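Overview (structure and organization)
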Amino acid sequence: MQQLPKLGLKNKVSAQEWQLRVDLAACYRLLQMHGWDDLIHTHISVCIPGTEHILINAFGLAFEEITASNLVKIDIKGNIIDKDCPFEINPAGFTIHSAVHEVRHDDICALHVHTNETIAVASVEEGLLPLSQYSMFALASMSYHDYEGLAVNDDEKLRLQNDLGDKNFMLLRNHGALTMGKTIGDAFMHMYDLTRACQIQLQVMATGMKPIYAPQSIIDGIKAQANIVHDGETGGQKAWPAMFRRVYRNDPSFAE
């Protein structure tokens, strides 16, 4: 069995970058724990504030193998910063993530999945419907992007950027989902809400009974209500420490 290179970057990068690496590695482990990892083919990226450097997973690693030290640091053009890095990145994953990081400087984290539920809802004309409380959060900041094949063409980037706009949730038609967040925890919680919304929508539709749709006024006011619940903080800020502890209890090696 091939052994992965042992890298130790904790004392070789800034404290800010190291914390982002630890949180991002934890998020990759969470995706694996939730069954959202699609073998090796989805991605979470984070832009290091004050730089144009992006952290992303090494192509070919299972998500349970990802650690803070083996995340790959690239520039906005996809060039690997550390010339001694033994890993590569996925060009298709980079196209999507570089596109959003180019235009969304305050939202440092982009999370992309190919789950059955998000693909199914993204592949119907109606898209996400206001059928559950989870869908309210997503619909308050929802966008769509049409399928253009594997995301390897640079000319798709502008269309993706325009479709995303200032939204935090995107359904990629026939492909999957993308969420943005000001923190890694925010991007994770946005994907959790979107995934649950898609799961519930498919279950409701499978009953064959007449659904009840929530009114637009509820969707319009959901953000203000959420601020009350979370004392003005984001859902990610509230839930992330608990999710981090869950990952650590399961396998603390992600923080190496």
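In this report, we go over the structure that sits alongside the text. (Residues numbered from 1 in each chain as written. Predicted model: local features only at pLDDT ≥ 70, side-chain atom pairs only at ≥ 80, totals over all residues. Heavy atoms only, no water.)

Side note on the sheet that holds strand S7 (residues 176–181)
A sheet is described by the order of its strands in space; here seven strands give the open sequence S3-S2-S1-S4-S7-S6-S5, paired in mixed fashion. Here the strands that pair on one side only, and so sit at the sheet edges, are strand S3 (72–74) and strand S5 (142–145). Within this sheet the neighbouring strands show an average axis-to-axis angle of 20°, counted without direction. As defined by bridge partners, strand S1 (residues 43–47) adjoins strand S2 (residues 54–56) across two bridges and the pair is classed as antiparallel. (Pairing = 2+ DSSP bridges. Helix = DSSP H or I, 4+ residues; strand = E, 2+ residues; numbered from the N terminus. Axes fitted to C-alpha atoms, helices over the stretch in contact; angles between N-to-C directions.)

Observations concerning helix H6 (residues 184–206)
At 3.6 residues per turn, the α-helix brings residues three or four places apart onto the same side. A rise of 1.5 Å per residue sets the reference length of H6, with its 23 residues, at 33 Å; its end C-alpha atoms lie 33 Å apart and thus fit the reference within 8%. Taken from the residues just after H6, Gly208 is the one with a positive phi, measuring 75°. (Expected span 1.5 Å × (residues − 1).)

Section: the packing of helix H2 (residues 91–103) against helix H5 (residues 156–164)
Interaxial distance between H2 and H5 falls to 9 Å at its minimum, and their mutual angle equals 55°. Between H2 and H5, the angle is such that the two are oblique. Handedness of the crossing formed by H2 with H5: right-handed. Judged by residue contacts, Thr95, Ile96, Ser98, Ala99, Val100, Glu102 and Val103 of H2 engage Lys157, Leu160, Gln161 and Leu164 from H5. Counted by class, the contact of H2 with H5 contains six nonpolar, three polar and two charged residues. (Parallel < 35°, antiparallel > 145°, perpendicular 65-115°, else oblique. Left-handed = near helix turned anticlockwise from the far one by under 90°. Contact = heavy atoms within 4.5 Å. Nonpolar A, V, L, I, M, F, W, Y, C, P; charged D, E, K, R; others polar.)

Thoughts on the packing of helix H1 (residues 15–34) against H6
At a minimum axis distance of 10 Å, the contact between H1 and H6 shows a crossing angle of 15°. With respect to H6, the element H1 is oriented roughly parallel. For the pair H1 and H6, the sense of crossing is right-handed. Two secondary-structure elements touch here, H1 through Leu20, Asp23, Leu24, Cys27, Leu30, Leu31 and His34 and H6 through Ile184, Phe188 and Tyr192. A per-class count over the contact of H1 with H6 returns eight nonpolar, one polar and one charged.

Side note on the side chain of Thr195
Tracing the backbone through its elements, the reader meets Thr195 in helix H6. Excluding anything up to four places from it in sequence, Thr195 contacts Trp36, Glu117 and Thr118.

Some words on the packing of aromatic side chains
Under the definition given, this model contains six aromatic pairs. On the numbers, 4.9 Å between centres and 85° between planes, the contact of Tyr28 with Phe63 is edge-to-face. Taken together, the residues Tyr28 in helix H1 and Phe63 in the loop between S2 and S3 connect sequence positions 35 residues apart. On the basis of relative accessible area, Tyr28 is assigned to the buried category, the value being 0%. Ring pairs connect the aromatic residues Trp36, Phe188 and Trp240, which therefore count as one cluster. (Phe/Tyr/Trp six-rings, centres within 6.5 Å; stacked < 30°, edge-to-face > 60°. Buried < 20%, exposed > 50% of the residue type's maximum accessible area, 1.4 Å probe, protein only.)

Read these as layout, nothing more, since geometry by itself doesn't imply function.
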